[in-house]
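One letter stands for each residue in the lines below.
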Amino acid sequence: MFVRKISEKVLMYAKQFPIITITGPRQSGKTTLCKMLFPLKPYVSLEGLDDRQFAQSDPRGFLSQFPNGAVIDEVQRAPELFSYLQSTVDAANKEGMFVLTGSQQFEMMASISQSLAGRTAVVKLLPFSISEIYQNTKNLDLHDVMFTGFYPRIFDKKIPPSDMYAFYINTYLEKDVRQVLQIKDMNRFEAFLKLCAGRTGQLLNTNQLGNECDVNHNTIKSWLSVLEASYIIKLVYPFSKNINKRIVKSPKLFFLDTGLAAHLMGIRSADHIKVHPLQGSLFETLVVCEFMKHRFNNGILDPLYFYRDQNSNEVDLLQDNGISLDLIEIKMAKTIRSDFFKGIQRFPAQEGITLKPYLIYGGDRAQIQQNTQIYGWQSIPESL
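Calculation criteria
- Residues numbered from 1 in each chain as written.
- Predicted model: local features only at pLDDT ≥ 70, side-chain atom pairs only at ≥ 80, totals over all residues.
- Heavy atoms only, no water.
- Pairing = 2+ DSSP bridges.
- Helix = DSSP H or I, 4+ residues; strand = E, 2+ residues; numbered from the N terminus.
- Axes fitted to C-alpha atoms, helices over the stretch in contact; angles between N-to-C directions.
- Expected span 1.5 Å × (residues − 1).
- Buried < 20%, exposed > 50% of the residue type's maximum accessible area, 1.4 Å probe, protein only.
- Arc of directions from axis to C-beta.
- Contact = heavy atoms within 4.5 Å.

Asker: Could you clarify how one ought to interpret the sheet that holds strand S1 (residues 19–23) in this entry?
Answerer: As summarised here, the arrangement of the five strands in space is S2-S3-S4-S1-S5, forming an open sheet in which the pairing is parallel. The outermost strands of the open sheet, each flanked by one partner alone, are strand S2 (43–45) and strand S5 (120–124). Across this sheet, the average inter-strand angle for adjacent strands is 15°, counted without regard to direction. Strand direction decides the pairing type here: S2 and strand S3 (residues 71–73), joined by three bridges, are parallel. Within S3, the position partnered with Val44 by the bridge is Ile72.

Asker: When you look at helix H5 (residues 81–92) in this model, what are you seeing that I'm missing?
Answerer: Note: α-helices contain 3.6 residues per turn, so residues at a spacing of three or four share the same orientation. Helix length check: H5 (12 residues) gives 16 Å between terminal C-alpha atoms against 16 Å at 1.5 Å per residue, within 8%. Among all positions of H5, only Leu81, Phe82, Leu85 and Val89 are buried. Buried residues of H5 fall within an arc of 85° about the axis and therefore sit on the same side. Looking at the residues trailing H5, positive phi occurs at Asn93, about 55°.

Asker: I keep staring at the sheet that holds strand S13 (residues 367–369) and nothing clicks. Help me out?
Answerer: Within a sheet, each strand pairs with its neighbour through backbone hydrogen bonds, oriented either parallel or antiparallel. Strand order across the open sheet formed by nine strands is S6-S8-S7-S9-S10-S11-S12-S14-S13, with mixed pairing between neighbours. Here the strands that pair on one side only, and so sit at the sheet edges, are strand S6 (202–203) and S13. With four bridges connecting them, strand S7 (residues 233–238) and strand S8 (residues 252–255) associate as antiparallel partners. Each residue of the ladder has a partner; that of Leu235, found in S8, is Leu253. Across the sheet, helix H13 (residues 217–229) touches S7 and S8, and the angle it forms with S7 is around 105°.

Don't take any of this as a statement about function, it's just geometry.
Quick look at the structure:
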């Protein structure tokens, strides 16, 4: 069993809140984490028809089975539970009673904000990070890492990545997308999913995407919202605070797993990535996702940003720390070139804010050049 870095934060929340809510994509390890951290709590999954119908038809009776709390998996299947959970934990006045998990953020978060505000800590669990799964591995091959991705089942069950992602996509389309969007033409949505994968790490143009899918703008926005809410993609928005220059306003689209993105691109081996025209975008996706995982594992839910003005001056990733701003350039090359620092050097000064420049590259040596701290890709983001 792999130890998840988010464990310490979850256990801390269990001493502070009556309910802990763990969200994340399908098969990111939510159930395993709960069973590992709370082995004495009763466990029930609302994927099962009998338990789901009981929770939906008699919420009070369902919860009465667990006077000391429980782990309730896929809780969004019975939104009726949330208001009864509120009254149950208020009456008990105990911390760490219930642990709720769910893979559909779009349903779950709405119910939580209405019924459980102030009573639950929300944790986002993404697939493994580099340090979680490769901590003691030497001589890692970057292309193998990007191709394999980070879903736990690949490592736990030794499933070939191509098989894993084929099954994952079918399950996702059938269980999540069809239920929420009630799409009749699933082939068109799957084509949309593949087109999105080909845009990972790039600016999002919804009109162009709609034209290629032959659907209207509003449909594209709806489909994107479902992809983001089910943790398939993340839209990263441009940083605009205290900047007077005209900046690009479109978000960047990032898949939350490089293995899934690569599979949807038609990549079937690590060697294929080496010659693929989008290998740089996949590398940027890898780095951005590692920063997201690091922040989520430490309970930091504030967004990340990027910067690009209309003169094509760009910084790939920004972390806003309040009194400081991390400017992070991401380059897959193993050899550092002087033009890698251009975007950082042209970033506008921020009054009262300290700018901290970094470069993450495809090599493995930590060094300083042009007043910029440089780290190899295996060191992210713990070094920052």
